Amino acid sequence: MKKKLLEKMMTLSVIAAMTVACLAGCGKNNSVPAPPYFEKGVYANYTEGAEDTARTYFYVFSDETYGYTADGANNGIGLPFDIEQTNGAVEFWFGGSDEDSEDTLVITGAEAGKVMGYFKDTPDRPMIFELLEGEDPDSFSAENYVAGPEDSVYHDANGWSIRYDANRFRITPQGPQVYIVYTGESAGTNMITVTYTVDNNAEAAVRELGESWGDNTEYYEGVFPGTDDVKGYWASLNPEEGGSGMYETAIARDYMDGAIIFELTGHMGEDEEMNMAVSDSMAGIIDSLTWDE
């Protein structure tokens, strides 16, 4: 009787040991696949289990070896990083390659579109990295993703910014020029062309542009939008009576080593309500101007 009881106890001990080993080893191997864990794309980052999982902080991977972070709730600020993906871990170098910038993400799981883990220095803060489908890392704006299309922001490399409704405007930078095209319903083309030039100062640039429109162009001066005391130069051509309804307006200021010119080309139609909606939208672009300087 005692022998049978002893054998039964030994059998139960072996089963328990095998179960523990399986939980510690087999389960772990199943949940953590081989690298790479991150691919080219945009990943929203948030704390696992938190009540607020708002997608406002992002890891943008330009490819599987480098990228940058972006805080969409704080003007998109962040840090560039390099990474090395190894079995069960991802080494990050934030903003540099020295030891002080290094941190290790321990991978605890990975499934379709999600990577789970924690940084070695904060093991009590498990995190989720969720791939955002359809977001292009080459053109992603964390600020605009969080704010939504109606309150989008465009930051130009020459140090100026505007707010705009992405449902109504398309912005295309092209060399020294930026084209801001109204895409809503209108009587014709409505767009703003922004040009930075070192060939003229602001006054000369506006005068040259106005003269190309004809003798009916009017000129005046005032404070440039988005500034308190910077002088601006205007040229304006009203629509011709019985014509196509096209009008032109340009405003320029001296800037850096030259001048920056905002040239507005618009069209007025017979629908006054539509004309007003277009005019307000175009004016809103200029009124939203801010400068980095």
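Every chain is numbered independently, its residues counted from 1 as its sequence is written. Reporting of local features is limited, given that this is a predicted model, to residues whose pLDDT is at least 70; pairs of side-chain atoms are given and counted only at 80 or more, and all residues count toward the totals for whole chains, interfaces and linings. Neither water nor hydrogens contribute to the side-chain values; these are computed over all heavy atoms in the structure.

## With respect to the pairing of strand β6 (residues 102-111)
Turning to step 1, where the next piece is worked out: For two strands to count as paired, DSSP must find a minimum of two bridges between them. Only DSSP runs of H or I covering at least 4 residues are called helices, and only runs of E covering at least 2 are called strands; the numbering of each starts at the N terminus. For strand β5 (residues 89-94) and β6, the ladder comprises 5 bridges, and the chain directions are antiparallel. By the bridge assignment, E91 is partnered in β6 with T104.
Turning to step 2, where the next piece is worked out: In this structure, β6 lies alongside strand β7 (residues 114-119), joined through 6 bridges in antiparallel fashion. By the bridge assignment, V106 is partnered in β7 with Y118.

## Some points on the side chain of D156
Turning to step 1, where the next piece is worked out: Structurally, D156 can be placed in the loop between β9 (152-155) and β10 (160-164).
Turning to step 2, where the next piece is worked out: Although D156 is buried, it makes no salt bridge; R253 carries the closest opposite charge, 12 Å away.
Turning to step 3, where the next piece is worked out: Two N or O atoms count as a polar contact when they lie within 3.5 Å, although within protein this holds only if one can serve as hydrogen donor and the other as acceptor, and sequence-adjacent residues are included solely when both atoms are side-chain atoms. Within the structure, the side chain of D156 is placed 2.6 Å from the side chain of Y154, a separation counted as a polar contact.
Turning to step 4, where the next piece is worked out: In terms of polar contacts, D156 uses its side chain to reach the backbone amide nitrogen of N158, at 2.9 Å. Throughout, exposure labels follow a simple rule: accessible area from a 1.4 Å probe, protein chains only, divided by the maximum for the residue type, with under 20% read as buried, over 50% as exposed, and the rest as partly exposed. Asp and Glu are treated as the negative residues and Lys and Arg as the positive ones, with His and the ends of the chain left uncounted. Salt-bridge detection follows one rule: a side-chain nitrogen of Lys or Arg within 4 Å of a carboxyl oxygen of Asp or Glu.

## Things to note about the nonpolar core
Turning to step 1, where the next piece is worked out: Ranked by internal contacts, the top residues of the largest apolar core, which has 27 residues, are W160, I180, I192 and F262.
Turning to step 2, where the next piece is worked out: When contributions to this core are tallied by element, the ones reaching two or more residues are β10, β11 (169-174), β12 (177-182), β13 (191-197), β16 (246-255), β17 (258-267) and α4 (272-287).
Turning to step 3, where the next piece is worked out: Sorting elements by how many residues they give to this core places α4 first, with 5 residues.
Turning to step 4, where the next piece is worked out: Leaving out residues up to four positions away in the same chain, W160 has contacts with Y154, H155, V178, V194, Y255, I260, F262, L289, T290 and W291.
Turning to step 5, where the next piece is worked out: The criterion is simple. A nonpolar core is a set of buried Ala, Val, Leu, Ile, Met, Phe, Trp, Tyr and Cys residues joined through side-chain atoms within 4.5 Å. Judged by nonpolar contacts, the second largest core, of 18 residues, contains V32, Y37, F61 and M127. When checking whether two residues touch, look at their non-hydrogen atoms; a contact exists if any pair is within 4.5 Å.

## Some words on the sheet that holds β6
Turning to step 1, where the next piece is worked out: Strand order around the closed barrel formed by 8 strands is β1-β2-β3-β4-β5-β6-β7-β8, with antiparallel pairing between neighbours. Ignoring which end each strand starts from, the neighbouring axes of this sheet average 30° apart. Every axis corresponds to a line fitted to the C-alpha atoms, with the helix fit spanning only the stretch in contact, and the corresponding angles, defined between N-to-C directions, vary from 0 to 180 degrees.

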